[in-house]
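Breakdown of the fold
Residue-level listing of the chains:
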Amino acid sequence: VVEPVVANCHAFLDLVGQEYTVAPATRGIVDPVSIKMPINGVPFRSGSGLRTTMLADCSLAKSLVLAAPHWRKRGIVEVTDLGVYNYRCINNDGTPPNCTIGLSEHSFGNAIDLASFKDMAGETYVVNDDWVIDPDDHTCTAPTEPGKDAFLHEMICEIKANKIWNIVLTPNYNTLHRNHFHVDLTAGSDFITRTQIDEGDHGHASANDH
């Protein structure tokens with residue numbers, strides 16, 4: 001997927017024909033947009049059913065537009081997410097602005113938690129059930145189980161390799177991420193390989209998770 005050169009994020013969405021509206025000023029979000037479904041041909045589902053819109057920073061909207069071709073080529077016709085914007089502390093450790101570690105990337109609207117993926121045959125790939133936690137520190141080179149585990153590894157590692165997101169936290173990261181991929185756009189970060197750690201371990205400063 002080759003990213004076109006445009007003046008800004010809004011111009012990118014306009015160029016690719018992605019429908020959106022400028023959202024009202026929202027605490028934490030620099031460039032809030034309400035992106036209309038589907039996103040580059042891929043619908044999203046949340047806990048309340050199929051989404052019609054998604055509030056996010058324009059930069060996250062752009063990243064989802066760029067991720068969509070990777071999903072479509074694998075036959076994915078629907079993505080279920082656990083949430084995007086939520087102004088809160090990392091791991092809910094405190095109440096903003098009094099956070100022990102810092103604000104979650106969800107507070108800035110530049111993170112999304114991806115829980116499952118449904119293909120055109122009706123098969124669903126569920127992170128919680130189908131991802132086999134890797135025994136070492138190399139998420140994208142570790143051996144995988146045939147079938148759904150391999151599918152999930154190959155998909156998320158391909159998208160990360162294409163630099164669409166800066167941070168990817170898989171179930172390898174810690175038990176708080178057992179049921180989803182947390183992906184975000186933390187500036188200056190490049191992170192996916194981390195083994196399972198204790199919930200209280202925040203040793204990797206650039207991986208400010210949810």
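Bear in mind that the values here come from a model prediction, so they are computed numbers and not experimental data.

The description of two packed helices rests on the angle between their axes and on the distance between the axes. Their axes nearest at 10 Å, the elements helix α2 (residues 58-73) and helix α4 (residues 148-161) cross at an angle of 150 degrees. The angle between α2 and α4 places the two elements in the roughly antiparallel class. In this structure, the crossing between α2 and α4 has a hand that is right-handed. Contacts between α2 and α4 involve Ala67, His70, Trp71 and Lys73 from the first element and Met155, Glu158 and Ile159 from the second. Looking at the contact of α2 with α4 residue by residue, the class counts come to 4 nonpolar, 1 polar and 2 charged.

The full count for this structure, using the stated rule, is 3 disulfides. In this model Cys140 forms its disulfide with Cys157; the gap between the sulfur atoms is 2.1 Å. Judged by the sign of its S-S torsion, about -90 degrees, the bond between Cys140 and Cys157 is left-handed. One end of the pair, Cys140, is in the loop between α3 (127-130) and α4; the other, Cys157, is in helix α4, with 17 residues separating them in the sequence. Using a relative accessible area of 38% as the deciding quantity, one classes Cys140 as partly exposed. The exposure class assigned to Cys157 is buried, which follows from its relative accessible area of 11%. Listing the disulfide partners of the protein chain by sequence rank of the bonded cysteines yields 1-2, 3-4, 5-6.

Our next topic: the nonpolar core. Grouped together as the largest cluster of nonpolar side chains are 43 residues, with contacts concentrated most on Phe44, Trp71, Leu114, Phe117, Trp165 and Phe181. Only α1 (9-16), β2 (32-36), β5 (53-57), α2, β6 (76-83), β9 (111-119), α4 and β12 (181-184) provide two or more residues apiece to this core. Beyond its immediate sequence surroundings of up to four residues, Trp165 is in contact with Leu60, Ser63, Leu64, Ala67, Trp71, Leu114, Ile156, Ile159, Lys160, Val183, Asp184 and Leu185.

As a further point, take the pairing of β2. The buried count for β2 comes to 4 of 5 residues, which makes it a mostly enclosed element. Both strand β1 (residues 20-22) and β2 contribute to a ladder of 3 bridges, which runs antiparallel. Considered in β2, the bridge of Thr21 is made with Ser34. With 5 bridges connecting them, β2 and β5 associate as antiparallel partners. Paired with Val33 across the strands is Ala56, a residue of β5.

Time to look at the pattern of salt bridges. Going through the model one piece at a time under the given rule, you end up with 7 salt bridges. Between Arg45 and Glu78 there is a salt bridge, with the nearest N and O atoms lying 2.8 Å from each other. A residue pair is termed long-range when its members are at least 10 positions apart, and Arg45 in strand β3 (residues 44-46) and Glu78 in strand β6 qualify at 33 residues. Judged by relative accessible area, Glu78 falls into the buried class, the value being 11%. A salt bridge links Lys73 to Glu158, with the nearest nitrogen and oxygen atoms 3.2 Å apart. Residue Lys73 is found in helix α2, and its partner Glu158 is found in helix α4; the two are separated by 85 residues along the sequence. We classify Glu158 as buried; its relative accessible area is 17%. Residues joined by salt bridges that share partners form a network here, namely Lys73, Arg74, Glu154 and Glu158.

The sheet built from 3 strands is open, its strands ordered β1-β2-β5 with antiparallel pairing. Looking at the sheet topology across the chains shown, the edges are occupied by β1 and β5. Each strand axis lies, on average, 25 degrees off the axis of its neighbour in the sheet, ignoring direction. Set on the sheet, α2 makes contact with β2 and β5; between it and β5 the angle comes to about 120 degrees.

This next bit is on the confidence of the model for the protein chain. Any segment with low pLDDT has predicted coordinates that should not be analysed in fine detail. Scored by pLDDT, the protein chain has a mean of 90; 91% of the residues are at 70 or more. The model gives residues 196-208 a pLDDT under 50, and that stretch makes 32 contacts with residues more than four places away or in other chains.

Basis of the calculations
Residues numbered from 1 in each chain as written. Predicted model: local features only at pLDDT ≥ 70, side-chain atom pairs only at ≥ 80, totals over all residues. Heavy atoms only, no water. Axes fitted to C-alpha atoms, helices over the stretch in contact; angles between N-to-C directions. Helix = DSSP H or I, 4+ residues; strand = E, 2+ residues; numbered from the N terminus. Parallel < 35°, antiparallel > 145°, perpendicular 65-115°, else oblique. Left-handed = near helix turned anticlockwise from the far one by under 90°. Contact = heavy atoms within 4.5 Å. Nonpolar A, V, L, I, M, F, W, Y, C, P; charged D, E, K, R; others polar. Disulfide = S-S within 2.5 Å. Buried < 20%, exposed > 50% of the residue type's maximum accessible area, 1.4 Å probe, protein only. Core = buried A, V, L, I, M, F, W, Y, C linked by side-chain atoms within 4.5 Å. Pairing = 2+ DSSP bridges. Salt bridge = Lys/Arg side-chain N within 4 Å of Asp/Glu carboxyl O. pLDDT = per-residue confidence, 0-100.

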